[in-house]
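Residue-level structural notes
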Amino acid sequence: MKKITVSGAVILRTNPETGKNEIFATQRGYGELKDGWEIPRGKLEEGESPEECIVREIQEELDTRVRAEKLLGLVEYDYPAFHLTMYCILCTVLSGQLRLLEHESARWLTKENLYSVDWLPADRLILKKIEEIL
């Protein structure tokens, strides 16, 4: 089975209007998993750490600089066509506006509406940890 290793960004902010913590979720705009919701992610390149990968990928896909704060968890999931290993990294925005360059849509989600989107199966495995930081 094909193996894919990615870093996923759990981008956390405190909403200035409500004071509630929120995470940034994106809807895939391409591929076999199109329309599914996920934490933004990208493939690790050879010799790259998970933290370096997510900083690069968020810059490329969302035109935003983030700081990789800490590893929240590691997800292993078997999709029909490949095995996914995903490093889920807590990130904060340093600069930029999170512009959608490759995604179809995006939302800031709170603890109360975290399950209001149709998460991809692998992403569902990290939601309990995300709830803890929200």
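This text gives an overview of the structure that appears in the document. These numbers come from a predicted model, not from an experiment.

A few points about the overall build of the protein chain
- A count of helical and extended segments in the protein chain gives three helices and seven strands.
- Counting from the amino terminus, helix and strand elements in the protein chain follow one another as β-β-β-β-α-β-β-β-α-α.
- A compact globule built from 134 residues would reach a C-alpha radius of gyration of about 14 Å, and the protein chain, at 14 Å, matches this within 12%.
- The dimensions of the protein chain, computed from C-alpha atoms along their principal axes, are 45 × 30 × 25 Å.
- Evaluated residue by residue, the protein chain yields a buried proportion of 47% over its 134 residues.
- Put simply, of all contacts in the protein chain between residues at least 6 apart along the chain, 67% involve residues at least 24 apart.

Quick word on the packing of aromatic side chains
- Following the criterion strictly, the structure yields three aromatic pairs and no others.
- Where Tyr77 meets Tyr79, the ring centres are 4.7 Å apart and the plane angle is 65°; that geometry is what we call edge-to-face.
- Taking relative accessible area as the criterion, Tyr77 reaches 26% and is therefore assigned partly exposed.
- You can call Tyr79 buried: its relative accessible area is 6%.
- Taken together, the ring pairs in this structure connect Tyr77, Tyr79 and Phe82 into an aromatic cluster.
- Seen from the ring of Trp108, Arg13 lies directly overhead, with NZ or CZ sitting 4.0 Å from the centre.
- Residue placement shows Arg28 over the ring face of Tyr30; its charged tip is 4.6 Å from the ring centre.

What about unusual backbone geometry?
- Backbone geometry at Asp35 places phi at a positive 80°, although glycine is not the residue there.
- We classify Asp35 as partly exposed; its relative accessible area is 36%.
- Although it is not a glycine, Leu98 sits at a positive phi angle of roughly 55°.
- In this fold, Leu98 is placed in the loop between β6 (82–96) and β7 (103–109).
- What makes Leu98 buried here is its relative accessible area of 11%.

A few points about the environment of Trp37
- Relative to the helices and strands, Trp37 is located in strand β3 (residues 37–38).
- Setting aside anything within four residues of it in sequence, one finds Trp37 in contact with Ala25, Thr26, Gln27, Ser105, Ala106, Arg107, Val117, Asp118, Trp119, Leu120 and Asp123.

Observations regarding the pairing of β6
- Where strand β1 (residues 2–14) lies against β6, 10 bridges are found, and the strand directions are parallel. Within β6, the position partnered with Thr5 by the bridge is Thr85.
- Two elements, strand β5 (residues 64–78) and β6, share 13 bridges in a ladder whose sense is antiparallel. Considered in β6, the bridge of Leu71 is made with Ile89.
- Hairpin connection between β5 and β6: a loop of three residues separates the two successive antiparallel strands.

Cut-off values and rules
- Residues numbered from 1 in each chain as written.
- Predicted model: local features only at pLDDT ≥ 70, side-chain atom pairs only at ≥ 80, totals over all residues.
- Heavy atoms only, no water.
- Helix = DSSP H or I, 4+ residues; strand = E, 2+ residues; numbered from the N terminus.
- Rg over C-alpha atoms; globule rule 2.2 N^0.38 Å.
- Buried < 20%, exposed > 50% of the residue type's maximum accessible area, 1.4 Å probe, protein only.
- Contact = heavy atoms within 4.5 Å.
- Phe/Tyr/Trp six-rings, centres within 6.5 Å; stacked < 30°, edge-to-face > 60°.
- Lys NZ or Arg CZ within 6 Å of the ring centre and 35° of its normal.
- Pairing = 2+ DSSP bridges.

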